[in-house]
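Residue-level structure breakdown
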Amino acid sequence: MKRFTEITLGILTAIGGFVDIGDLVANAETGARFRMGLAWAVVVGVVGIVVYAEMAGRVAAVSGRPVFDLVRERLGARVALANLLASFFINFLTLAAEIAGVALALELASSVNYLLWIPLVAALVWLVLWRGSFVPMERVFGLLGLALVVFGVALWHLHPEGLLASAMHPGPPTNESWGTYLFFAVALFGATMTPYEVFFFSSGAVEERWTRRDLNVERANVLIGFPLGGALSLLLMGTTATVLAPRGITVEHLSQVGLPVALALGKVGLAVLLVGIFAATFGAALETALSGGYTVSQYFGWQWGKFVRPNKAPRFHLVVLLATGLGGLLMLTAVDPIKVTEYSIVLAAAALPLTYFPILIVANDRDYLGDRVNGRVTNAIATVYLGLLVVVATATIPLMIMTKGGA
Amino acid sequence: MAGRTEGLAGGQSGGRSGDQSGGHRGGRTIDAGLRLLDRQLIDVDGMLAGKVDDLELTMPAEGAPYVTAILAGPGSLSRRVGGRLGAKIEALHRRLHPSEAPGPASVSWGVVTDVGSSIRLSVGKASLPVDTLEQWTREHIIDRIPGSDRAPD
């Protein structure tokens with residue numbers, strides 16, 4: 001068990017990254033419309049985030065420098081500021097959506113309108129970030145988020161047929177166009193590689209005070225945490241592909257995400273699912289709020305982190321407080337949180353190469369890593385992915401306009 | 001030997017200018033653009049104390065220019081960023097700064113103890129001019145919230 005709790009940083013990063021509020025709905029919708037025909041996009045994304053998170057974590061453990069330090073050092077003050085503005089904006093939108101996501105999960109459990117929950121959720125998120133220490137926070141939400149394994153149990157009970165076959169035959173079904181298919185592929189891939197995951201993971205490595213001696217733990221976090229998160233999103237896709245796709249039901253709201261689980265496992269399954277959704281969205285809110293504070297502080301060189309008292313990192317805590325408060329206010333306008341995350345993923349795609357390129361450069365720098373620099377295989381895979389990220393970054397916005405956001 | 005001092009980024013140009021400084025006055029020669037600019041400053045207590053936003057170079061009458069100080073904070077960052085955004089940062093710096101014509105905050109090269117993936121200093125950051133905005137935020141905002149001085153639970 002002790003070994004298992006050592007990898008909760010990777011688990012929380014992954015769950016907050018790709019089974020958060022936007023992805024819960026996006027994965028469910030993908031399963032309902034394309035069955036498993038887009039499963040490959042998640043797999044491709046998971047391999048990419050594993051390769052880059054491993055590099056970012058290794059640099060952070062050996063040199064103590066998290067990702068936005070690298071962005072600033074390699075891109076210079078000007079281009080790094082452009083990246084910061086884009087990344088912070090996306091982070092803020094995602095944080096706001098996660099706050100509403102937690103509120104929606106509470107609405108499903110309590111039948112009290114989610115708008116009433118928002119101020120309470122925002123206050124709770126801030127309180128955890130103000131008073132809680134990093135490691136207990138990461139363990140509670142990382143482990144509770146694993147309640148989403150209920151998707152797997154539900155899938156088992158549903159006796160799915162033909163899921164593997166649909167995963168092996170990529171391409172749009174007859175009632176969908178190639179444009180829409182590719183748009184969803186790009187959105188799923190972008191969601192698995194959202195930049196705030198590496199901001200959070202590498203800063204978390206510093207928060208946990210990892211050193212060169214912890215590189216095995218670092219690797220275990222990456223190699224177990226991220227594939228586990230990817231498996232959860234594929235299992236969710238499988239449940240809607242089995243139950244909703246044959247009936248022609250599409251997913252637009254969080255309440256529909258739980259339909260297959262309720263059908264297979266009844267009220268108990270639904271209760272477990274709600275715990276999982278609460279933990280995943282709350283964890284994602286913590287991850288994005290912290291990432292906002294980390295990126296701004298690291299760009300300017302301010303003291304940051306939860307490893308010091310709040311008054312030792314005043315500007316970091318001010319950023320976190322403002323982002324959480326304003327995020328809650330934005331959601332009180334009743335703007336649809338699902339739409340907000342979908343657009344933020346698309347906007348994030350443009351910032352992807354600017355975040356991952358500096359990681360790859362520094363992971364080859366002996367100034368930082370000594371003898372722990374990248375090997376040839378890692379460099380080869382990472383270079384292919386950098387090319388892929390550039391293609392995705394250029395293709396996303398035209399695809400979004402062409403398909404009217406995958407409508 | 002009278003020297004002239006100026007920031008590495010110069011007046012208008014943003015980004016990293018190609019000037020690669022190196023001193024031979026008993027110091028070592030390193031690629032300042034690559035290995036100094038934009039690195040993290042860490043004070044004697046291990047606290048993060050800003051970035052190397054710019055460098056002050058001294059141009060001796062003969063020989064290569066050498067680094068005399070690290071410039072940090074909005075007063076120097078504004079020149080690196082350049083353009084309209086840089087001008088806004090500069091205006092904010094002037095407004096927040098107590099003196100009439102504030103220059104960029106500077107940290108003497110003499111307190112630098114190590115140049116690696118970060119720049120280590122031999123003094124505490126409270127004694128440096130780079131810390132004023134952090135102190136202001138602490139006194140006026142963060143310390144007014146209960147629990148700001150307690151270690152997290």
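Only a predicted model underlies this, so the values are computations on that prediction, with no experimental measurement involved.

Each helix and strand counted, chain A has 18 helices and zero strands in total. For chain A, the C-alpha atoms occupy an extent of roughly 55 × 45 × 45 Å along the three principal directions. The proportion of buried residues among the 407 residues of chain A is 60%. At a minimum sequence separation of 6, the contacts of chain A that also span at least 24 residues come to 86%.

When you go through chain B residue by residue, the secondary structure sums to four helices and eight strands. Across chain B, helices and strands are ordered from the amino to the carboxyl terminus as β-α-β-β-β-β-α-α-β-β-β-α. Here chain B holds 153 residues, and the buried ones make up 38% of them. Pairs at least 24 apart in sequence give 56% of the contacts found in chain B among residues at least 6 apart.

With that settled, consider the interface of chain B and chain A. At the interface, 32 residues of chain B touch 28 residues of chain A. If you list the elements that add at least two residues to the side of chain B that touches chain A, you get strand S2 (40–42), strand S3 (48–51), helix H2 (74–81) and helix H4 (132–140) of chain B. Split by residue class, the side of chain B that touches chain A holds nine nonpolar, 11 polar and 12 charged.

Another aspect to go through is the pairing of strand S4 (residues 54–59) of chain B. Residue and element names in this part refer to chain B. Direction of pairing for S4 relative to strand S5 (residues 66–72): antiparallel, over a ladder of five bridges. Bridge pairing links Leu57 to Val67 in S5. Following S4, the chain reverses through six residues before pairing antiparallel with S5; Gly63 in that reversal takes a positive phi of roughly 95 degrees.

All names here are of chain A. The end-to-end C-alpha separation of helix H16 (residues 337–362) is 36 Å, in line with the 38 Å expected for 26 residues at 1.5 Å each. At Ala351, H16 shows its largest bend, some 45 degrees, and a proline, Pro353, comes one to four positions later. Burial analysis of H16 places 19 of its 26 residues in the buried class, the great majority of the element.

What follows covers H2(B). Residues and elements named next belong to chain B. The buried count for H2 comes to eight of eight residues, which makes it a mostly enclosed element. Within H2, the full set of buried residues consists of Pro74, Gly75, Ser76, Leu77, Ser78, Arg79, Arg80 and Val81. In the stretch just after H2, Gly82 is the one whose phi turns positive, near 70 degrees.

A few words now on the environment of A:Ala382. All names here are of chain A. Its place among the elements puts Ala382 in helix H18 (residues 376–402). Given 21 C-beta atoms within 10 Å, Ala382 falls into the buried group. As a C-alpha pair, Ala382 and Val47 span 335 residues in sequence and 9.9 Å in three-dimensional space. Residues within four places of Ala382 in sequence aside, it is in contact with Val51, Tyr52, Met55 and Leu360.

All right, on to the confidence of the model for chain B then. Residue and element names in this part refer to chain B. Scored by pLDDT, chain B comes out at a mean of 82, with 82% of its residues at no less than 70. Across chain B, the secondary-structure element scoring lowest on mean pLDDT is strand S1 (residues 4–7), at 48, and the one scoring highest is S2, at 97. The low-confidence segment residues 1–6, where pLDDT is below 50, has 12 contacts with residues more than four positions distant or belonging to other chains. Residue range residues 9–24 is modelled with pLDDT below 50. Its contacts to residues more than four positions away, or to other chains, number 40 contacts. Across the predicted assembly, pTM comes out at 0.92 and ipTM at 0.90.

All names here are of chain A. Helix H10 (residues 178–192) packs onto helix H4 (residues 39–63) with a crossing angle of 30 degrees between their chain directions and a minimal axis gap of 8 Å. Classified by the angle their axes make, H4 and H10 are roughly parallel. In this structure, the crossing between H4 and H10 has a hand that is right-handed. From H4, Ala41, Val42, Val44, Gly45, Val46 and Ile49 reach across to H10, where they touch Ala185, Leu188, Phe189 and Thr192.

All names here are of chain B. If you walk across this open sheet you meet the four strands as S3-S2-S8-S7, and the pairing is mixed. Only two strands of the sheet have a single partner each, and these edge strands are S3 and strand S7 (112–115). In this sheet, adjacent strand axes meet at a mean angle of 25 degrees when their direction is disregarded.

All right, on to the pairing of strand S8 (residues 118–121) of chain B then. Residue and element names in this part refer to chain B. Relative to S8, S2 runs parallel, the two sharing three bridges. Paired with Leu41 across the bridge in S8 is Ile119. Between S7 and the antiparallel strand that follows it, S8, lie two residues.

Among soluble globular proteins, nonpolar side chains are generally buried collectively. Residues and elements named next belong to chain A. The biggest cluster of nonpolar side chains holds 178 residues, and the ones touching the most others in it are Tyr52, Ala56, Val59, Ile99, Ala103 and Ile359. At 23 residues, the largest contribution of residues to this core is made by helix H5 (residues 67–110). When residues no more than four places from it in sequence are discounted, the contact partners of Ala56 are Val67, Val198, Phe201, Ser202 and Ile359.

Here we take up unusual backbone geometry. Residues and elements named next belong to chain A. In this structure, Arg35 is a non-glycine residue whose phi angle is positive, near 50 degrees. Residue Arg35 is classed as buried on the basis of its C-beta count, with 25 C-beta atoms lying within 10 Å. Phi is positive for Arg209, which is not a glycine, with a value near 60 degrees. In this fold, Arg209 is placed in the loop between helix H11 (195–207) and helix H12 (215–243).

A few words on the packing of H2(B) against helix H3 (residues 83–96) of chain B. All names here are of chain B. Their axes nearest at 7 Å, the elements H2 and H3 cross at an angle of 170 degrees. Put simply, H2 runs roughly antiparallel to H3. Here Pro74, Gly75, Leu77, Ser78, Arg79 and Val81 of H2 come into contact with H3, specifically with Gly83, Leu85, Gly86, Ile89, Glu90, Leu92 and His93. Of the residues that constitute the contact of H2 with H3, the class distribution is six nonpolar, five polar and two charged.

What counts, and where the lines are drawn
- Residues numbered from 1 in each chain as written.
- Chains lettered and ligands numbered in written order.
- Predicted model: local features only at pLDDT ≥ 70, side-chain atom pairs only at ≥ 80, totals over all residues.
- Helix = DSSP H or I, 4+ residues; strand = E, 2+ residues; numbered from the N terminus.
- Buried ≥ 20, exposed ≤ 12 C-beta atoms within 10 Å, placed from the backbone.
- Contact = placed C-beta atoms within 7 Å.
- Nonpolar A, V, L, I, M, F, W, Y, C, P; charged D, E, K, R; others polar.
- Pairing = 2+ DSSP bridges.
- Expected span 1.5 Å × (residues − 1).
- Bend = angle between axes of the 7 residues up to and from the residue.
- pLDDT = per-residue confidence, 0-100.
- Axes fitted to C-alpha atoms, helices over the stretch in contact; angles between N-to-C directions.
- Parallel < 35°, antiparallel > 145°, perpendicular 65-115°, else oblique.
- Left-handed = near helix turned anticlockwise from the far one by under 90°.
- Core = buried A, V, L, I, M, F, W, Y, C linked by C-beta atoms within 7 Å.

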